[in-house]
Amino acid sequence: MAYADKISPILRATLDLLRETGRPLRPEEVRNEVESRVTIPSELRGLNAHGQARWWAQLGFRTGEAASLGWMTKRNGWAITEAGVRALDDFEGTELYRELARQYRARRLPPQGRVYSDPRWNVVLEALERLEPGHWTTYGDLAALVGMSPQSVGGFMAESADTDHAHRVLQSGGRISPQFRWLDPERTDDPREVLEKEGLTFDHAGRADPRRRVTADRFRAMLAQAGVVLPPAGGPEPAPPPDPTPAAFEQFQQNLEYARQLVDGGRSLERLAVGSFDVTDLYRAAWTQAVAALDHWVTREIVDRAVALALTPGVPRPQRFNNLSIPVELFEDIHHRNEDLGNAFRAHLERHFAFMTFQNPEKIKEGFAHVSTVNLWVKVAEVLTEQDVKHPITADGVRTRLREIAWRRNNIAHTADHDARRPGQKTPITADEAEATIDWLETMAIAIQLALGDTLPAPTAESPSEMSGAPSTAGAGRADGSRVRRAWDEPGFLQAVERYCPADVRDTLLAVYRHAESHPSFHEYYFGEGEHPSVTAWFNLGSDTASVWSIYTSPAKSVLAVNFGSIRQHGASGARMARLADRLGALPGSARLRDQLEAADYAKYPSLQPAALARPESREVIIAALNEFLTSETPH
């Protein structure tokens, strides 16, 4: 069984659970319920090097990735967002996990996505992207394609985190390299089993089917057709492949996972009533580890972003960045000794920040001021509040919480957690308290990334976030891998609906669209920004205006989202929302709509799918439901 087949049901069960409950859940609640719903493969039930169940460690990483994409949040417990709900609806089976991995790779910061000074590495990656399941190539074929040695390609494949096709690169005889290792250290699946699952066959000697081999000549033809310019033959051997150190946020997650494992270990020992030592010291160690993880991540994040600024001439730079001291030796290394700018500047920055501590909120803000002009804690507070509107938080609240965590860490490190009110005693600590702190630090790091935002791709229909509300679309984007972002208007939106939608779906969407501006309570349209168009209709609900529905259209599918979460926040009564849910429940696939909304206290944005929109009677049902809803409680 392929790795995606093993982990995907666990991820889906987790998101399904969060959708069904409609409220934040503690991680332990999630774990217990998921274990009761899914058969965990035996190899994932085993313990990793830190004594934690592999499936649970993996779910920690995957939910962190989901949170960074806006599919879920981890503030005040785990909760799903509307982008996560749409991902569940849009991607079936293992495609949910694969889409998570694809979007997460796409949204990592450019320094984390690696910048290769030798263009031949990018050609290797372009070739690998065209190596389809069930096919294979060799290190020698890739080397011949770009004019380098097979050993260099082998080193690159072993250390590059920019492809998930590395298992399809075999030795010259078609055998899997004995040195092959997955880039994800938690992966335990056999690469041969993965390849066989993809449709590749092997003979009795372990050699892959030669008819499925993609040679250097075949790659040249593929790349030429795609317009990729190949490097000239006979060039110098490229620089060594990039440092295999994990990306900053990935390493931060790994460090937090170690802290969580200490908490799990403490819980287990507490259940066994071990009395030979103070088990709660494990929770203190986890607390200290989590704060150290934050400190290390902030340092790497600042350095990565600063290198990105240095390698991008012409972009605006913060004053603190421009005021960084640069030694003459660094200038000489770059201009007279041809040392790579990125490597030289990174080494200098690492020395510059090596002895700084980023635990105090003032120091963290001061550090990020080198790479961003964002008012950090104000923006972080806005992001956290948007993630959980029932529990708004201010910038002062964020700073206070972080100071309290840092103070407790210092108390643990320097006084063994001395309790000032009880001389000779330690301040009490629980597993839940330590776990909540770890989760809060992870959530805050994600919020910092979103707050800085300057090098993160903006949310689009392909990369949803909890702020965008647009359905994701697999495989979109330009051929060169970049994303198209534009501000849409009515003509562009209408042209896209005509182009992307089947006639029956198009007729329903346009009927709903035209109904809006004819209604007396209509307020305005808001056309979205992204690769594919969207429009949201705002109406006067009596006491406030709210976004009542949104249309999202793309080549993959077009949907009508009914924004119950918005109308709930803007004053609509429960009875009024229940009537709307009842009327829409008559549409195909929507019979349980009211029950699901009530379970979530109407804090959802359900999408009416193409199958429902295509029915001839759908437009009448939807418009009648909207008329009844909009007429209620509106001023005359």
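This text goes with the structure placed above it.
Cut-off values and rules
- Residues numbered from 1 in each chain as written.
- Predicted model: local features only at pLDDT ≥ 70, side-chain atom pairs only at ≥ 80, totals over all residues.
- Heavy atoms only, no water.
- Helix = DSSP H or I, 4+ residues; strand = E, 2+ residues; numbered from the N terminus.
- Buried < 20%, exposed > 50% of the residue type's maximum accessible area, 1.4 Å probe, protein only.
- Contact = heavy atoms within 4.5 Å.
- Areas by Shrake-Rupley, 256 points an atom, 1.4 Å probe, with all protein chains shown as cover.
- Axes fitted to C-alpha atoms, helices over the stretch in contact; angles between N-to-C directions.
- Parallel < 35°, antiparallel > 145°, perpendicular 65-115°, else oblique.
- Left-handed = near helix turned anticlockwise from the far one by under 90°.
- Nonpolar A, V, L, I, M, F, W, Y, C, P; charged D, E, K, R; others polar.
- Pairing = 2+ DSSP bridges.
- Expected span 1.5 Å × (residues − 1).

Turning our attention to the overall build of the protein chain. When helices and strands are counted, the protein chain shows 27 helices and eleven strands. Every one of the 636 residues in the protein chain was classed for burial, and the buried ones make up 52%. When contacts within the protein chain are restricted to residue pairs at least 6 apart in sequence, those whose partners lie at least 24 apart make up 69%. Summed over all atoms, the accessible surface of the protein chain reaches about 28100 Å², with 52% contributed by carbon and sulfur.

What follows concerns the packing of helix H18 (residues 376-387) against helix H20 (residues 431-452). Taken N-terminus to C-terminus, the directions of H18 and H20 make an angle of 115°; their axes are 8 Å apart at the nearest point. Regarding the angle of H18 to H20, the classification is roughly perpendicular. Judged by the sense of rotation from one axis to the other, the crossing of H18 with H20 is right-handed. When H18 is examined against H20, the residues Leu-376, Trp-377, Lys-379, Val-380, Val-383, Leu-384 and Gln-387 are found in contact with a partner set consisting of Thr-443, Met-444, Ala-447, Ile-448, Leu-450, Ala-451 and Leu-452. Class assignment of the residues belonging to the contact of H18 with H20 gives a composition of eleven nonpolar, two polar and one charged.

Strand order in this open sheet of five strands is E6-E8-E9-E10-E11, and the pairing throughout is antiparallel. What marks the edges here is a single partner per strand, and that holds for strand E6 (522-527) and strand E11 (607-608). Here strand E10 (residues 558-562) runs beside E11; their pairing, made up of two bridges, is antiparallel. Bridging from a neighbouring strand, Ala-561 pairs with Ser-607 of E11. Against the sheet, helix H27 (residues 618-631) engages strand E8 (534-540), strand E9 (545-553), E10 and E11, with an angle of about 165° to E9.

The end-to-end C-alpha separation of helix H4 (residues 54-69) is 23 Å, in line with the 22 Å expected for 16 residues at 1.5 Å each. The buried fraction of H4 amounts to 16 of the 16 residues, a majority that puts the element mostly inside the structure. Two residues or fewer past H4, Gly-70 is found with a positive phi of approximately 90°.

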